[in-house]
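What the coordinates show
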Amino acid sequence: MTVLILGAVVFALLFAGFSALGVWQVQRLVWKQDLIRQVDARIHAAPVAAPPPEQTITRQADQYRRVVVSGRFDHQHEALIKAVTDLGPGYWVMTPLVTDRGFTVLINRGFVPPERQKPADRAEGQAEGQATVVGLLRLSEPDGGFLRANDPAGDRWFSRDVTAIAKARGLAGPVASYFIDADATPNPGGWPRGGLTVVRFANSHLIYALTWFGLALMSAAGFVFFLREERKRRR
C-alpha cells in the first residue's frame, strides 16, 4: 500500500505541475497575441506628438508608438551604431534633434553601408534647417549587443543606448529617454535609409502549452501503467 500511495503522490504532482505549466503558457499566449494586436495598431495609427523627457515611458504602453517631432538636427554629434539589415552590414545613424519644444531626442535616421559611414560621403543627407520626423518610438538599448559591450571611449557602439550616447556626445539640456526610428521618407541623396525597423515577436507559447499538456497526459498514462504493473506484482 505504501508503494501505491507514494506512486500516486508522485504522479499526481507530475500531472498537476505539467498542467499548471500548460495553463501558464496559454495565459502567456493570450497576453502575447494581445500585445501583437496593440503594437500593430500603434504602428498604423496617425502619429502623435513625441512625449517630453519628463513623461514616463513604458514598454507596454509606448514601444513602437508612431510619433512626430520637429526641430533641427545636430549633425556634429551623430553616433554610428553597428547594424545588420536587409541591405547588409553597416551602421545606424543616430542624430540628436533639438526640438522646437526645448528638449533633445535621438533620431535613428536610418541605415548606411560602410562606404557611407563618413558624413562627407553622404553630404546631401546632412541637410540643415527645420526638419520634421515621423517614426516609431523605441526604448533605449543599454549596455551593448550580444557579447559585445558598447565602448563610449573608443566610440564603438553595438546598441542604441540613449543615456550613454547622450553622455558621450555631451548633449545639453533635457534629453528624451527613448529614441525614434525614422520612417521611410527619403533623405536627400538617398542616405541614411530609414523605415527599416523590424517588428517581430517570438510567439512559441502554443507549442510550449501543447508540450506541457502532453507531458501531463503522459504522466496520467504512466500512472495507469504503474497501477497495472503493481497489481500484477501483487498477484
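Scroll up a little and you will see the structure.
Let me sum up the structure you'll find in this document. Quick caveat: nothing in here was measured; it's all calculated off a predicted structure. (Residues numbered from 1 in each chain as written. Predicted model: local features only at pLDDT ≥ 70, side-chain atom pairs only at ≥ 80, totals over all residues. Heavy atoms only, no water.)

**Focus on the overall build of the protein chain**
How we decide: To qualify as a helix, a DSSP run of H or I must reach at least 4 residues; to qualify as a strand, a run of E must reach at least 2; elements of each kind are numbered from the N terminus. Here the globule rule is a power law, 2.2 Å times the number of residues to the power 0.38, and the radius of gyration is based on C-alpha atoms. Should any heavy atoms of two residues lie within 4.5 Å, those residues are counted as being in contact.
Counting its secondary structure elements, the protein chain contains 4 helices and 9 strands. Shown N-terminal to C-terminal, the secondary structure of the protein chain runs as helices and strands in the order α-β-α-β-β-β-β-β-β-β-α-β-α. Over its C-alpha atoms the protein chain spans a radius of gyration of 26 Å, topping by over 25% the 18 Å that the globule rule assigns to 235 residues. Summarising its shape, the C-alpha atoms of the protein chain cover approximately 95 × 35 × 30 Å along the three principal directions. Sequence separation of 24 or more characterises 64% of the internal contacts of the protein chain that already satisfy a separation of 6 or more.

**Quick look at unusual backbone geometry**
The criterion, for reference: Only protein chains enter the area calculation, which uses a 1.4 Å probe; residues under 20% of their type maximum are buried, those over 50% are exposed, and those in between are partly exposed.
Here Trp191 and Pro192 are connected by a cis peptide whose omega angle stands at -5 degrees. Positive phi is not limited to glycine here, since Tyr64 has a value of about 70 degrees. Residue placement: Tyr64 occurs in the loop between helix H2 (59–62) and strand E2 (66–73). Its identity as a non-glycine residue notwithstanding, Asp155 has a phi of 55 degrees, on the positive side. Relative to the helices and strands, Asp155 is located in the loop between strand E8 (148–149) and helix H3 (162–169). Take Asp155: its relative accessible area is 40%, and that puts it in the partly exposed class.

**Examining a nonpolar patch on the surface**
Operational definition: A patch consists of residues whose relative accessible area exceeds 30% and which take part in no salt bridge; residues with like charges are grouped when within 9 Å of each other, and nonpolar side chains (Val, Leu, Ile, Met, Phe, Trp, Tyr) when within 5 Å. Using a 1.4 Å probe, the Shrake-Rupley method yields the accessible areas, and only the shown protein chains count as cover for residues. Take a side-chain nitrogen of Lys or Arg and a carboxyl oxygen of Asp or Glu: if they are within 4 Å of each other, that pair is a salt bridge.
On the surface, Val23, Val26, Val30 and Phe213 cluster together into a nonpolar patch covering about 290 Å² of accessible area. Of all the elements, helix H1 (residues 2–43) adds the most residues to the nonpolar patch, at 3 residues. Note on placement: Val26 falls in helix H1. Accessibility expressed as a relative area gives 35% for Val26, which makes it partly exposed.

**Details of the pairing of strand E5 (residues 104–112)**
Short version of the rule: We call two strands paired when DSSP finds no fewer than two bridges between them.
Within E5, 9 of the 9 residues are buried, which leaves it mostly tucked inside the rest of the structure. Bridging between strand E4 (residues 88–99) and E5 involves 8 bridges; their strand directions are antiparallel. Across the sheet, the residue bridging to Pro96 is Leu106, located in E5.

**Notes on H3**
Residues Val162, Ala164, Ile165, Ala166 and Arg169 constitute the buried set of H3. Each element contacted by the buried residues of H3 is listed here: strand E3 (79–85), E5 and strand E9 (175–182). Phi turns positive, to about 65 degrees, at Gly170, one or two residues after H3.

**Remarks on the side chain of Thr104**
For Thr104, the location among the structural elements is in strand E5. Thr104 sits in the buried class, given a relative accessible area of 7%. When sequence neighbours within four positions are dropped, the list of residues in contact with Thr104 reads Pro96, Leu97, Val98, Leu171, Ala172, Pro174, Val175 and Ala176.

**Quick look at the nonpolar core**
General note: in soluble globular proteins, nonpolar side chains tend to be found buried as a group. Our working definition: The definition of a nonpolar core used throughout is a set of buried Ala, Val, Leu, Ile, Met, Phe, Trp, Tyr and Cys residues joined through side-chain atoms within 4.5 Å.
Ranked by size, the top nonpolar core spans 19 residues in total, and within it Ile81, Leu106, Trp157 and Ile165 carry the most contacts. Mapped onto this core, the elements with two or more residues apiece are E3, E4, E5 and H3. If sequence neighbours within four positions are ignored, Leu106 has contacts with Met94, Thr95, Pro96, Val162, Ile165, Leu171, Tyr178, Phe179 and Ile180. Membership of the second largest hydrophobic core comes to 17 residues, among which are Val105, Ile107, Leu137 and Ile180.

**A look at the pattern of salt bridges**
A full pass over the atoms with the stated rule returns 8 salt bridges. A salt bridge links Glu141 to Arg138, with the nearest nitrogen and oxygen atoms 3.9 Å apart. The partner of Asp181 in a salt bridge is Arg138, and the shortest N-O contact between them spans 2.7 Å. Here Arg138 lies in strand E6 (residues 130–139) and Asp181 lies in strand E9, a separation of 43 residues in the sequence. Each member of the pair, Asp181 as well as Arg138, is classed as buried.

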